[in-house]
Amino acid sequence: MTGMTHEMLKGSNVPLDAAAVRAVLRWSPGPGVPDVDASALLLGADGRVRFDEDFVFYNQP
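Residues numbered from 1 in each chain as written. Predicted model: local features only at pLDDT ≥ 70, side-chain atom pairs only at ≥ 80, totals over all residues. Heavy atoms only, no water.

### Observations concerning the overall build of the chain
If you tally the helices and strands in the chain, you get zero helices and two strands. Looking at the chain residue by residue over its 61 residues, the buried ones come to 2%. On the chain, roughly 6,500 Å² of surface is accessible, and the fraction owed to carbon and sulfur atoms is 55%. (Helix = DSSP H or I, 4+ residues; strand = E, 2+ residues; numbered from the N terminus. Buried < 20%, exposed > 50% of the residue type's maximum accessible area, 1.4 Å probe, protein only. Areas by Shrake-Rupley, 256 points an atom, 1.4 Å probe, with all protein chains shown as cover.)

Structural data, given as structure tokens:
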């Protein structure tokens, strides 16, 4: 298994070309540091989300 690390800035997007993806979020809380809120969308070849199940967001496994 090969790995890739990508540091993202607020509001950024990362296109992926992979059959499987594992995301690990890390941050250090502290004064002035916001909590993490991550979302993911699975897009089809046409660049559109196919089903509601293709949305991954807060409290949605």
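### Notes on the pattern of salt bridges
As enumerated under the stated definition, the model contains one salt bridge in all. Between Asp54 and Arg50 there is a salt bridge; the shortest N-O distance is 2.9 Å. (Salt bridge = Lys/Arg side-chain N within 4 Å of Asp/Glu carboxyl O.)

### Examining the environment of Met8
Relative to the assigned elements, Met8 resides in the segment before strand E1 (40-41). Judged by relative accessible area, which is 44%, Met8 ranks as partly exposed. Aside from chain neighbours lying at most four places away, what touches Met8 is Asn13 and Val14. (Contact = heavy atoms within 4.5 Å.)

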